[in-house]
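Overview (structure and organization)
Given next are the chains, with one letter for each unit.
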Amino acid sequence: MKSNRSTFFGRYRALLLAIGLFFLVAVSIFAFNYGLSVQLAIDGARVKDAGAIRGLTQQHAKAILSLSHELAAGDMIQTSQAQLSESSLALEEALARSLTSAKAANVVSELELLAKFEKFWRPLAEISKSVERREHPDQVDVQLALTKSNANNVRLMQLADDLTQMIESAAAERTRNLGTMQAAAIALALASFLFIVFYTLRSLRRSDRVAELARAETEQIMTTVREGLFLIDRAGAVGSQRSMHLEKIFPGSMPPGAEFLQVLASLVSDETLKSAREYIGLLFNKRVKVALVKSLNPLQRVEITADEQQGKPAVYLSFDFHPVFSDQQEGVAAVLVSVVDISQQVALERELERAEERSRTGMSLLVSVLENDPRVVGTFLAGAEASLKEINEELRLIKAGPGSYNMLINRIFRIVHTTKGEAAALALHTVTRQAHLFEETLSSLRKRLDLRGEDLIAVATSTGELLEELSKVRGIVDHLGAYAGGRTDESSATGEDIHHTMQRIQRLTLAVAADLGKRVRVETSLTDMDTLPDAFRRLLKEGLPQLVRNAVAHGIESGNERLQAGKTAEGSVRIEVRRGETGVLELEVADDGRGIDAGELRRKLVDSGRYQEHEVAAMTVREVIATIFQPGMSTADDVNEHAGRGVGLDVLYSLVRETGARIKLVSTPSSFTRFILQWSPAL
Amino acid sequence: MTSRLMIVDDSNTIRNHIARLMVDSRLPGIEIVGLAGDGRKAVEMAGRTRPDYITMDLTMPHMDGEACIGEIAKLLPDARILVVSALSDKATALRAIAKGAHGFVHKPFSDETMIQSLLELMS
């Protein structure tokens, strides 16, 4: 405040001095006028006295003359005597006043003149006194007075005239001087007044110019800046100054004085609006550190939905808020809002994400193909593509009727499931995912008994999509084939090394375990694997993936479950291929998981509606366990990529039958499960 | 003059991490006066140790951060509170700050972010 005051006096010093001078001069003029009027009154009185002296001199002379005539004629003399006495007294008084005022004014010439008058008057006054008081004055005395009066009268008159003239001219002189001074004072007052007016106008014009410059600058900024800028006050009202860019990017209208959040209400979700209200409230709170809450800004990136913009691409805006402090107000006076259109940026980010996703998928596919023997991938592709094309053909030729539809769907399901298993074993995740989606479509159809022709459209579409994924893999394999000089010759693909198959299976086991959040150790034991018949190779290639998936998904428990059961957190899956004494080939997959609980299985059989309670009760343990090889039977509680469809063991069972093998199952609840596939030429 | 800091988080790892960060960064004059793992303990400890600064998690057992901030703001009106929480729920964080906190840092945070935020809180 102190500095404000000093700058105020500094800036307006000249103006304040001029105003002070003006007042001083005005007061002086008034004082002057007052003095002048007093002086004029005094001068007037003196002139009047001087005139009176002249008149009284004459009156005195006349009274003496009358007295002389009346005395000679013997008339009554009292009147003349009284007149004489009166004029003499009045003259004395006037003379005394003139003397006093002359002494007060200290005018020497006037005093001299009065002294001369006195000199001529005094003898006359003495004589007239002796005449005027006596009842019968002496004729001689009257004659003497008359003679004296006649002798002095002219002189006295002359002196009185001179006095009058002298006083008058002195008064006139003084009046002239005073007038000049007054004129000068008025001129001075006028000058200071003019200065005040000039100075004020000049200051006004200067501050107007500064304000105009500032306004022009603000306007330049507001029209040029590539951001929407405006202020909102404590009440949430929008200020009058807004940048021009705001209109371009903000889809609604934001007139000055409008409530910001109300304008926003129709453009963002209720939840965002609520958060925005709370956030802006915080910015006005002096306690909150603005730099420390920036990340909570709910409008940092907001999709604006304007009704009239339907069909246009989404608009994304970014609002930034800065508190504005002011000298006049305690705390935050307003909040400066800056708005930027980030739609392009968002679109670019999305495009980048998509590109990254594509390249990730492409890369993972490439890595998968590279990790595998290209010939194996080629064989897989050829088989899967052939099966899917067969599906297409059958979909085209199928005879109408729910029965045949259901049969076809079940057949397709097994094909898709096998494809998924093989793709997973080859770590072709994109194919696995697509096959899984296909399965979901199929399983919803499988549950229905009223299938119609149009339901198969979805199956045809999914078939096309899965073929599409396969063709992407085919593209990569072909590219690699071109580099490797045509190594993807299909005819040689059947000879995959058994050790290579085992590596693949090991990878699959670990991948399935990782997907399900389980920890698994895989052990393999292979003996005498030099010459394997094709049928057994097929069991390894198609059956083994199903068996290990089954072991990890159904057998091995979660880490917590295992610890509670007193086991190690890490489960174990053992894969063994061996040749028995009688030349029987055996493939065994054993896990130390939860085993198969016949009681639990009985409950599931009833719950799934496949069997009545009494039917299940009548079944032997062996019969109950055998149901797990039935189509659509699963012991998993929910469906994921690896379990829950009840297809895996169904597929295995078909495979075992097709290859002429035998299947053995040994299990103890809470302890282990062992699947053994046996094959011998004799069988 | 030392600044008394209390760290409130239900994760032992986060508590120790912030505490270690304060020791390693050698910020002058910061004294860690308490580590609390839930809201109820935090209020009790705040009353006893009277910290100047508090880092506060939001999701905690017994008493959540929002309620805890309300209690501490009543108990120690001059204490400055920094909410340290996952950004997934902005609305909760906003409410917590309205209750009496001063700033927000989202988990996971870098060491630099945490130190800068604490300096900003103390400025």
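Residues numbered from 1 in each chain as written. Chains lettered and ligands numbered in written order. Predicted model: local features only at pLDDT ≥ 70, side-chain atom pairs only at ≥ 80, totals over all residues. Heavy atoms only, no water.

With that settled, the discussion passes to the pairing of strand β5 (residues 103-107) of chain B. All names here are of chain B. A large share of β5 lies buried, amounting to four of its five residues. Relative to β5, strand β4 (residues 80-86) runs parallel, the two sharing five bridges. Note on β5: the bridge partner recorded for Leu-82 is Gly-103. (Buried < 20%, exposed > 50% of the residue type's maximum accessible area, 1.4 Å probe, protein only. Helix = DSSP H or I, 4+ residues; strand = E, 2+ residues; numbered from the N terminus. Pairing = 2+ DSSP bridges.)

The next point concerns the domain arrangement of chain A. Residue and element names in this part refer to chain A. You can read the domains of chain A as domain 1 (9-198), domain 2 (228-341), domain 3 (352-495) and domain 4 (498-679). Each side of the interface is counted separately: domain 3 has 21 residues, and domain 4 has 20 residues. Three residues, Arg-414, His-417 and Ala-425, lead the burial of domain 3 against domain 4; their summed loss comes to 27% of the area buried on that side. Put simply, domain 3 and domain 4 have zero residue pairs in polar contact (both at pLDDT 80 or more) between them. Residue assignment for the side of domain 3 that touches domain 4 shows that the elements contributing at least two residues are α11 (402-425) and α12 (429-446). A total of nine residues in the side of domain 3 that touches domain 4 trace back to one element, the largest contributor, which is α11. Looking at the side of domain 3 that touches domain 4 residue by residue, the classes come out as five nonpolar, seven polar and nine charged. (Domains from an automatic or database assignment. Contact = heavy atoms within 4.5 Å. Buried area = accessible area lost by both parts, 1.4 Å probe. Polar contact = N/O pair within 3.5 Å; in protein donor to acceptor, adjacent residues only side chain to side chain. Nonpolar A, V, L, I, M, F, W, Y, C, P; charged D, E, K, R; others polar.)

What follows is about the environment of Arg433(A). Among the secondary structure elements, Arg433(A) is positioned in helix α12. Residue classification places Arg433(A) among the partly exposed positions, given a relative accessible area of 43%.

Before going further, it helps to spend a moment on the sheet that holds strand β7 (residues 585-591) of chain A. Residues and elements named next belong to chain A. What the five strands build is an open sheet, ordered β5-β6-β7-β9-β8; its pairing is mixed. Each of the sheet's edge strands pairs with one partner strand only, and the pair in question is β5 (520-526) and β8 (662-668). The sheet shows a mean angle of 10° between the axes of neighbouring strands, taken without regard to direction. With seven bridges joining them, β8 and strand β9 (residues 672-679) adopt antiparallel strand pairing. Of the residues in β9, the one forming a bridge with Ser-667 is Thr-673. Where helix α14 (residues 498-515) meets the sheet, its contacts fall on β5 and β6 (571-579), and the angle it forms with β5 comes to roughly 165°. The sheet contacts of helix α20 (residues 648-659) involve β8 and β9, and relative to β9 the element is tilted by about 25°. (Axes fitted to C-alpha atoms, helices over the stretch in contact; angles between N-to-C directions.)

For interface size, the figure often reported is the accessible area lost on association. Taken residue by residue, the interface counts 14 residues in chain A and 20 residues in chain B. Linking chain A with chain B are zero salt bridges. The residue makeup of the side of chain A that touches chain B, split by class, is eight nonpolar, three polar and three charged. (Salt bridge = Lys/Arg side-chain N within 4 Å of Asp/Glu carboxyl O.)

A separate point is unusual backbone geometry. A cis amide bond, omega -5°, links Lys107(B) with the succeeding residue Pro108(B). The phi dihedral of Asn106(A) falls on the positive side, at around 55°, and the residue is not glycine. With respect to the secondary-structure elements, Asn106(A) resides in the loop between α3 (78-105) and α4 (108-133). Here Asn106(A) falls in the exposed class, since its relative accessible area comes to 56%. The phi torsion at Ala427(A) lies on the positive side, around 60°, for a residue other than glycine.

In this structure, Phe260(A), Phe319(A), Phe321(A) and Ile72(B) are the most contacted members of the largest nonpolar core, which totals 61 residues. If you tally residues by element for this core, the top one is helix α8 (residues 270-283) of chain A, at six residues. For Phe260(A), the residues in contact, after removing those within four places along its chain, are Phe230(A), Ile232(A), Gly236(A), Val238(A), Met254(A), Ile280(A), Leu299(A), Phe319(A) and Phe321(A). (Core = buried A, V, L, I, M, F, W, Y, C linked by side-chain atoms within 4.5 Å.)

Moving on to the packing of aromatic side chains. Note on aromatic pairs: each is described by the distance of the centres and the angle between the planes. Residue and element names in this part refer to chain A. This structure, assessed with the given rule, holds 10 aromatic pairs over all chains. Geometrically, the ring pair formed by Phe-22 and Phe-193 is tilted, given 5.9 Å between the ring centres and 40° between the ring planes. Taken together, the residues Phe-22 in helix α2 (residues 13-73) and Phe-193 in helix α5 (residues 139-224) connect sequence positions 171 residues apart. Judged by relative accessible area, which is 25%, Phe-22 ranks as partly exposed. Judged by relative accessible area, Phe-193 falls into the partly exposed class, the value being 43%. Measuring from centroid to centroid gives 5.5 Å for Phe-230 and Phe-260, while their planes differ by 50°, and the two rings are tilted. With Phe-230 in strand β1 (residues 228-233) and Phe-260 in helix α7 (residues 260-265), this residue pair connects regions lying 30 residues apart in the sequence. Phe-260 matches Phe-230 in its accessibility class, with the two residues each being buried. Of the aromatic side chains, those joined through ring pairs into one cluster are Phe-230, Phe-250, Phe-260, Tyr-279, Phe-319 and Phe-321. The ring of Phe-413 has Arg-446 sitting right over it, with the charged end atom 4.1 Å from the ring centre. (Phe/Tyr/Trp six-rings, centres within 6.5 Å; stacked < 30°, edge-to-face > 60°. Lys NZ or Arg CZ within 6 Å of the ring centre and 35° of its normal.)

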